[in-house]
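Residue-level structure breakdown
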Number of protein chains: 2
Amino acid sequence: MIGRLDHVAIVAPDLDAAISLYRDGLGAEVGPVLDLPAFGVSTVFIRLPNTHLELLHPLGEASPLVGFLARQPGGGLHHLCFEVADVAAAVTTLQARGMRLLDPEPRPGAHGKPVLFLHPKDTGGVLIELVQA
Amino acid sequence: MIGRLDHVAIVAPDLDAAISLYRDGLGAEVGPVLDLPAFGVSTVFIRLPNTHLELLHPLGEASPLVGFLARQPGGGLHHLCFEVADVAAAVTTLQARGMRLLDPEPRPGAHGKPVLFLHPKDTGGVLIELVQA
């Protein structure tokens, strides 16, 4: 069911430092900062030849990243996002397999495509996002 | 400098459960278990259309995963591995940029290619492995 790895998301407590690390330190192609108020995050996409990294920084006091940074103040790996051919069909299949979703239904993600998150207690401690291919 | 994302590594406290999750739950192509005594891990590679996931399970009492599982008993995301054209040249460049390495020099990784790890305190809390392309 899961297809390509669309991106790996990384929480960055200091967005400028993270941009500098990936652009100047590791020589990757770093895009602009994009605010996603509906998700409570600012994001920066980093283009790799076969996938993307997504830097995440809290936006607003209700950001879902506040808890993550309380546990890991230095930042770190946050979630994986996989493409699926049909997010709505994936919901039905995964629920039939006993997996819980964090979103009651898909919603538009960073690039406007439908996304949803699976419950990390059902996925071996890894937060997994699915995005419509 | 960094090229393709070679793999994302995930610590799995219950390897059979993780294999079942990715193979039966998420419908991915899961390879055989491969023991790497030199790294203190058992690994399972999962093939995606554009990259791989690597499940990691402790092998031996001195496994470097013991500390990770003490902090996160349920498992979770562990490291990212990027291809570089020349690992030896990357060492020189990264050290000149003030980044510390966990390995004094590259050593053979899961597939026999030279690998090394960067110090996560210099990489925004993310453990990064580099592998010779």
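This text follows the structure it describes.
Quick caveat, the model's predicted, so the values are computed rather than measured.

Conventions we followed
- Residues numbered from 1 in each chain as written.
- Chains lettered and ligands numbered in written order.
- Predicted model: local features only at pLDDT ≥ 70, side-chain atom pairs only at ≥ 80, totals over all residues.
- Heavy atoms only, no water.
- Least-squares fit on C-alpha atoms with pLDDT ≥ 70 in both.
- Buried < 20%, exposed > 50% of the residue type's maximum accessible area, 1.4 Å probe, protein only.
- Helix = DSSP H or I, 4+ residues; strand = E, 2+ residues; numbered from the N terminus.
- Pairing = 2+ DSSP bridges.
- Arc of directions from axis to C-beta.
- Contact = heavy atoms within 4.5 Å.
- Polar contact = N/O pair within 3.5 Å; in protein donor to acceptor, adjacent residues only side chain to side chain.
- Axes fitted to C-alpha atoms, helices over the stretch in contact; angles between N-to-C directions.
- Salt bridge = Lys/Arg side-chain N within 4 Å of Asp/Glu carboxyl O.
- Nonpolar A, V, L, I, M, F, W, Y, C, P; charged D, E, K, R; others polar.

Turning our eyes to something else, we now look at the relation of the copies chain A and chain B. Each copy superposes on the other: chain A lies on chain B with an RMSD of 0.0 Å after a rotation of 180° and an axial shift of 0.0 Å. Considering both components of the superposition, the chain copies are consistent with a two-fold axis.

So, on to the pairing of strand β3 (residues 41–47) of chain B. All names here are of chain B. Burial of β3 is extensive: six of the seven residues sit out of reach of the surface. Here six bridges tie strand β2 (residues 29–36) to β3, and the two strands are oriented antiparallel to one another. When the sheet's bridge partners are listed, Glu-29 is paired in β3 with Arg-47. In sequence, β2 turns back onto β3 through a hairpin of four residues, with Gly-40 there showing a positive phi of about 70°. Inspection of the sheet shows β3 paired to strand β4 (residues 52–58) by seven bridges, in the antiparallel sense. Bridging across to β4, Arg-47 finds its partner in His-52. In textbook terms, the turn of a hairpin is the stretch between consecutive antiparallel strands, and for β3 and β4 this stretch comprises four residues.

Turning our attention to helix α3 (residues 87–96) of chain B. Looking at α3(B), one finds that the buried residues are Val87(B), Ala90(B), Val91(B) and Leu94(B). With its buried residues spanning 105° around the axis, α3(B) presents them on a single face. Residues of α3(B) that are exposed and point over 90 degrees away from its buried face: Thr92(B) and Ala96(B). Where α3(B) is buried, its residues touch α1 (15–25) of chain A together with β5 (76–84), β7 (114–117) and β8 (127–132) of chain B. Where α3(B) begins, the side chain of Asp86(B) points an oxygen toward the backbone nitrogen of Ala88(B), at a separation of 3.0 Å.

What follows concerns helix α1 (residues 15–25) of chain B. Among the residues making up α1(B), those that are buried are Leu15(B), Ala18(B), Ile19(B), Leu21(B), Tyr22(B) and Gly25(B). Buried residues belonging to α1(B) abut α3 (87–96) and β8 (127–132) of chain A together with β1 (5–11), β2, β3 and β4 of chain B. Looking at where α1(B) begins, the residue whose side-chain oxygen comes 3.2 Å from the main-chain nitrogen of Asp16(B) is Asp14(B).

The next thing to look at is the sheet that holds strand β6 (residues 107–108) of chain B. Residue and element names in this part refer to chain B. Read across the open sheet, the eight strands follow the order β2-β3-β4-β1-β5-β8-β7-β6; overall the sheet is mixed. At either end of the open sheet lies a strand with only one pairing partner, and these are β2 and β6. As paired elements, β5 and β8 share six bridges and run parallel to each other. Each residue of the ladder has a partner; that of Cys-81, found in β8, is Glu-129. Strand contacts of α3: β5, β7 and β8, with the helix running at about 140° to β8, the strand carrying the most contacts.

Another aspect to go through is the side chain of Ser42(A). In this structure, Ser42(A) sits in strand β3 (residues 41–47). Here the side chain of Ser42(A) touches Asp35(A) through a polar contact of 2.6 Å, side chain to side chain.

A few words now on the interface of chain A and chain B. Residue-level contacts link 38 residues of chain A with 38 residues of chain B. On inspection of chain A and its partner chain B, the count reaches zero salt bridges. Across the contact surface, chain A and chain B share 13 residue pairs in polar contact (both at pLDDT 80 or more). Of all the elements in the fold, those that place two or more residues in the side of chain A that touches chain B are β1 (5–11), α1 and β5 (76–84) of chain A. If one sorts the elements of the side of chain A that touches chain B by residue count, β5(A) sits on top with six residues. The residue inventory of the side of chain A that touches chain B, partitioned by class, reads 21 nonpolar, 13 polar and four charged.

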